[in-house]
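Geometric and topological summary
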Amino acid sequence: MAMAGPLAAAAAARSLAAASSALAAGARAFASSSAAAAARKSWFSDVGMAPRDPILGVTEKFLADTSPDKINLGVGAYRDDSGKPVVLDCVREAERRIAGKDFMEYLPIGGLRDFVTESVKLAYGDACPDLSNVAAVQSLSGTGSCRLMAEFQRRFMPHSTVYIPVPTWSNHHSIWRDAGVPQSTYRYYKPETKGLDFEGLMEDVKAAPSGSLFLLHACAHNPTGVDPTPEQWAAISKLMAERGHFPFFDMAYQGFASGDCDKDSGAIRTFLRDGHRLGVSQSYAKNMGMYGQRIGAFSIVCDSKDEAARVESQMKLVARPMYSNPPLHGALMVKTILRDPQLKAQWFAEVRGMAERIISMRALLRRNLEQLGSQHSWKHITDQIGMFAYSGMTPEMVDTLAAKHSIYMTRNGRISMAGVNTKNVARLASAMHEVTK
Ligand SMILES: Cc1ncc(COP(=O)(O)O)c(C=O)c1O
């Protein structure tokens, strides 16, 4: 009903008064909440400073150094002989081929199917005759695959412990810790011989409770560069089968160890031929130089097609709340390369080229050290394989290299051989000679 005259004026005055009293109440509430905010301490005042990442922290120190001759041997990223990052020609060509296509849609949770299929074939070769028994998804590179494995282990292998080699890539411990999986370690490296502690490894495999998950580096072990021989892998496979362990291969460097992608997945294929059910993490960061694309695959070999379907459905359930679905661009590039015989052959040649340059730098570094008259044996530099040389230098020697020579590496004495080139190798050798005298 419409109001008029004094009645309407009184109603308007009442509603104005109500509005201004609501405003006043709001202001009081605000004043008292800011007083409360001032009275209580900040939400985050108790948050401590996290320690620097042992690997990425090296780059921070390197960047802060103003010396024109500084050398960064910390991060495992390939550089050419001029110290420059490399984009492979096959990657450039794949990028050219997909340019302008409509590919901005979401991928499914499990990623690009053709990419995943090609990745599994690349890892397993003909050692896995029935790929329909394989559960597999695209992952956020090697780190993401390991994280999926760890979470999957927590959910579906509830009484198992993860056995991690000593030493290992430092992130392995954090990944399994964050997934809440109990951890143990197994012996891997023998400082006295600078080689594999095969006896220790076998004893630890034997002693672990049946049904443990063993984290194995498929090739180019990080940080030691020490891999078991084919005969040693065969013995490890046999013992793990007897003990009923589950092998999980982290393969971050396929092709980077020997230059041959088939040879570098030889251990996985040996285990498959021995009838193991196993898991594999693959990464295209190093071998395709696609570090920032975060592109990889995670797979598990199951007993049957039906089991693989169930396992794969659960892998997707792990991935969905973590990151929903993986990125498309890198997957399309890798698929383009692996599906085209010519591009694939070109990629194989380019991986071989990177591996061979590193192998030749190992020889050159050793020769330089020997020519300088070093009293130490540097044979391990050329015996080791892959991206890293585990030099045997102490943390104090590494600190002196940084402070006096502007040469940076992780404090465990690990040298990223990918950062060594014909221009800096002599300076590196003479600094190493000086600090190890
Ligand atoms: C043994 C090992 N696993 C996994 C990774 C992870 O690599 P990304 O996540 O870049 O593929 C690395 C990288 O350094 C590694 O050395």
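Residues numbered from 1 in each chain as written. Predicted model: local features only at pLDDT ≥ 70, side-chain atom pairs only at ≥ 80, totals over all residues. Heavy atoms only, no water.

Around the ligand sit 13 residues in total, of which Ser-141, Thr-143, Asn-222, Asp-250 and Ser-283 are the nearest. The contact in question runs from an oxygen atom of the ligand to an N or O atom on the side chain of Ser-141, over 2.5 Å. Side-chain polar atom of Asn-222 to an oxygen atom of the ligand: 2.7 Å apart, as the coordinates give it. Out of a free accessible area of 390 Å², the ligand has 91% covered by protein chains. Here the residues of the shell around the ligand sort into four nonpolar, six polar and three charged. (Near = heavy atom within 4 Å. Polar contact = N/O pair within 3.5 Å; in protein donor to acceptor, adjacent residues only side chain to side chain. Areas by Shrake-Rupley, 256 points an atom, 1.4 Å probe, with all protein chains shown as cover. Nonpolar A, V, L, I, M, F, W, Y, C, P; charged D, E, K, R; others polar.)

Per the domain assignment, the segments making up the protein chain are domain 1 (56-86 + 356-436) and domain 2 (107-339). Using only C-alpha atoms to locate each centre, domain 1 and domain 2 end up separated by 29 Å. Tallying the contact residues gives 17 residues for domain 1 and 16 residues for domain 2. The three residues of domain 1 that bury the most area against domain 2 are Ile-385, Phe-388 and Tyr-390, which together make up 40% of that side's buried surface. The tally of links from domain 1 across to domain 2 stands at five residue pairs in polar contact (both at pLDDT 80 or more). (Domains from an automatic or database assignment. Contact = heavy atoms within 4.5 Å. Buried area = accessible area lost by both parts, 1.4 Å probe.)

Okay, the nonpolar core next. For soluble globular proteins, nonpolar side chains are generally found buried alongside one another. Grouped together as the largest cluster of nonpolar side chains are 97 residues, with contacts concentrated most on Phe-115, Tyr-124, Phe-249, Met-288, Trp-347, Leu-365 and Ile-415. Ranked by residues supplied to this core, first place goes to helix α13 (residues 341-371) with nine residues. No fewer than three residues from each of domain 1 (56-86 + 356-436) and domain 2 (107-339) sit in this core. Setting aside anything within four residues of it in sequence, one finds Met-288 in contact with Leu-88, Val-91, Val-334, Ile-337, Leu-338 and Trp-347. With 27 residues, the next largest nonpolar core counts Val-162, Ala-179, Leu-213 and Ala-308 among its residues. (Core = buried A, V, L, I, M, F, W, Y, C linked by side-chain atoms within 4.5 Å. Buried < 20%, exposed > 50% of the residue type's maximum accessible area, 1.4 Å probe, protein only. Helix = DSSP H or I, 4+ residues; strand = E, 2+ residues; numbered from the N terminus.)

Among the 11 residues that make up helix α12 (residues 329-339), eight are buried, leaving the element largely enclosed by the rest of the structure. Among the residues of α12, those classed as buried are Gly-330, Ala-331, Leu-332, Met-333, Val-334, Thr-336, Ile-337 and Leu-338. If you follow the buried residues of α12, they end up packed against α3 (89-98), α4 (113-124), β2 (134-139) and α13.

Our focus in this paragraph is the packing of helix α5 (residues 141-156) against helix α11 (residues 305-323). Packed helices, taken two at a time, are described by their axes: the angle between them and the distance between them. Closest axis-to-axis distance for the α5/α11 pair is 10 Å, and the angle between their directions is 115°. Here the hand of the crossing between α5 and α11 comes out right-handed. Facing Arg-147, Leu-148, Glu-151, Phe-152, Arg-155 and Phe-156 of α5, the residues of α11 in contact are Val-311, Gln-314, Met-315, Leu-317, Val-318, Ala-319, Met-322 and Tyr-323. Split into classes, the residues belonging to the contact of α5 with α11 amount to 10 nonpolar, one polar and three charged. (Axes fitted to C-alpha atoms, helices over the stretch in contact; angles between N-to-C directions. Left-handed = near helix turned anticlockwise from the far one by under 90°.)

Across all of its chains, the model carries 14 aromatic pairs by this definition. Measuring from ring centre to ring centre gives 6.3 Å for Phe-248 and Phe-298, while their planes differ by 80°; the resulting arrangement is edge-to-face. Of this pair, Phe-248 sits in strand β8 (residues 246-251) while Phe-298 sits in strand β10 (residues 296-301), and the two are 50 residues apart along the sequence. Considered together, Phe-248 and Phe-298 belong to a single accessibility category, that of buried residues. Put simply, the rings of Tyr-163, Tyr-186 and Phe-214 touch in pairs and so form one group of aromatic residues. Here the guanidinium or amino end of Lys-70 rests over the ring plane of Phe-62, the centre of that ring lying 4.6 Å away. One residue, Arg-414, lies across the ring of Phe-388, its end atom 3.7 Å from the ring centre. (Phe/Tyr/Trp six-rings, centres within 6.5 Å; stacked < 30°, edge-to-face > 60°. Lys NZ or Arg CZ within 6 Å of the ring centre and 35° of its normal.)

Taken from the UniProt record, the annotation "domain: Aminotransferase class I/classII large" (unreviewed entry) applies to residues 69-431. Across residues 69-431, the secondary structure splits into 46% helix and 14% strand, with the terminal C-alpha atoms separated by 12 Å. (UniProt positions renumbered as here; feature names shortened; annotations may be inferred.)

With respect to burial, strand β3 (residues 162-166) is a largely interior element, four of its five residues being buried. Across five bridges, the pairing between β3 and strand β4 (residues 183-187) is parallel. Paired with Ile-164 across the two strands is Thr-185, which belongs to β4. Since β3 and β4 lie parallel, the crossover through helix α6 (residues 171-178) that links them has a hand, and here it is right-handed. As paired strands, β3 and strand β7 (residues 213-217) are joined by two bridges and run parallel to one another. For Val-162, the partnering residue across the bridge sits in β7 and is Leu-213. (Pairing = 2+ DSSP bridges. Right-handed = clockwise from strand over helix to strand, strands pointing away.)

If you trace the seven strands from one edge of the open sheet to the other, you get β2-β10-β9-β8-β7-β3-β4, paired in mixed fashion. Of all the strands in the sheet, just β2 and β4 have a single pairing partner and so form its edges. Ignoring which end each strand starts from, the neighbouring axes of this sheet average 25° apart. Bridging between β8 and strand β9 (residues 279-283) involves four bridges; their strand directions are parallel. Across the sheet, Asp-250 pairs through a bridge with Ser-281, a residue of β9. Here α4 sits on the sheet and contacts β2, β8, β9 and β10; the angle it forms with β2, its principal contact strand, is near 115°. Its contacts with the sheet put helix α10 (residues 266-273) on β7, β8, β9 and β10, and the angle it makes with β8 is roughly 160°.

A complete count under the given rule lists 27 salt bridges for this structure. For Arg-97, the salt bridge goes to Asp-340, with nearest N and O atoms at 2.9 Å. Of this pair, Arg-97 sits in helix α3 while Asp-340 sits in the loop between α12 and α13, placing them 243 residues apart in sequence. Accessibility expressed as a relative area gives 31% for Arg-97, which makes it partly exposed. One salt-bridge network, in which partners are shared between bridges, spans Glu-93, Arg-96, Arg-97 and Asp-340. (Salt bridge = Lys/Arg side-chain N within 4 Å of Asp/Glu carboxyl O.)

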